Amino acid sequence: MTNNEWLNINGITLPELTGKSEKQINYAKHERAEWLSQESNRSAMKVWAKRLKQSGTPAFAEKCKAKGFTPEAVVEATKKSNYSFFAADAVLREQDAGALLDALNVNNFLHPIHR
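Residues numbered from 1 in each chain as written. Predicted model: local features only at pLDDT ≥ 70, side-chain atom pairs only at ≥ 80, totals over all residues. Heavy atoms only, no water.

1. Quick notes on the pattern of salt bridges
Here comes step 1: One pass over the structure, following the stated rule, counts four salt bridges.
Here comes step 2: Salt-bridge contacts for lysine 79 lead to glutamate 76; the nearest nitrogen and oxygen are separated by 3.3 Å. Of this pair, lysine 79 and glutamate 76 both sit in helix H5 (residues 71-81), separated by three residues, roughly a single helical turn.
Here comes step 3: Given the relative accessible area of 34%, glutamate 76 is considered partly exposed.
Here comes step 4: Note that aspartate 89 and arginine 93 form a salt bridge whose closest N and O atoms lie 2.8 Å from each other. (Salt bridge = Lys/Arg side-chain N within 4 Å of Asp/Glu carboxyl O. Helix = DSSP H or I, 4+ residues; strand = E, 2+ residues; numbered from the N terminus. Buried < 20%, exposed > 50% of the residue type's maximum accessible area, 1.4 Å probe, protein only.)

2. Considering the packing of helix H6 (residues 83-93) against helix H7 (residues 97-104)
Each packed pair of helices is defined by two parameters, the angle between the axes and the distance between the axes.
Here comes step 1: For the pair H6 and H7, the least separation of the axes is 9 Å and the interaxial angle reads 165 degrees. One way to sum up the angle between H6 and H7 is to call them roughly antiparallel. Read as a crossing pair, H6 and H7 show a hand that is left-handed. Facing H6, whose interface residues are Tyr83, Phe86, Ala87, Ala90 and Val91, H7 presents Leu100, Ala103 and Leu104. (Axes fitted to C-alpha atoms, helices over the stretch in contact; angles between N-to-C directions. Parallel < 35°, antiparallel > 145°, perpendicular 65-115°, else oblique. Left-handed = near helix turned anticlockwise from the far one by under 90°. Contact = heavy atoms within 4.5 Å.)

3. Overview of the packing of aromatic side chains
Here comes step 1: Inspection of the entire model under this criterion finds one aromatic pair.
Here comes step 2: Ring plane angle 25 degrees and centroid distance 5.2 Å describe the contact between tryptophan 48 and phenylalanine 85, whose orientation is recorded as stacked. In this pair, tryptophan 48 is assigned in helix H3 (residues 39-55) and phenylalanine 85 in helix H6, connecting sequence segments 37 residues apart. Side by side, tryptophan 48 and phenylalanine 85 carry an identical accessibility label, which is buried. (Phe/Tyr/Trp six-rings, centres within 6.5 Å; stacked < 30°, edge-to-face > 60°.)

Remember, this is a structural readout, not a statement about activity or role.
Structure follows, in structure tokens:
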């Protein structure tokens, strides 16, 4: 199954990328496609997309409020605690090609997941 077929079946639309050059945009698209070609990454993306959808519900907001958190803080903490979710979030929502490439490069010692 191709990446596009998988995305369509799961109702996921990826953002259009912008960047400093066509070369950067094309490289980011290539890296995104490579990331998506891994079954474990697809699974993480499916789970993360579901969590993002749930995080916008009143029930989730109520649970967070009861524990003294905002939904945004919970999503951010969850994303930073798990590289697969961090990368899935970037693939799902990042429009800047450079930022997407940074997110997918976990070996970068300046990577936000290491902070």
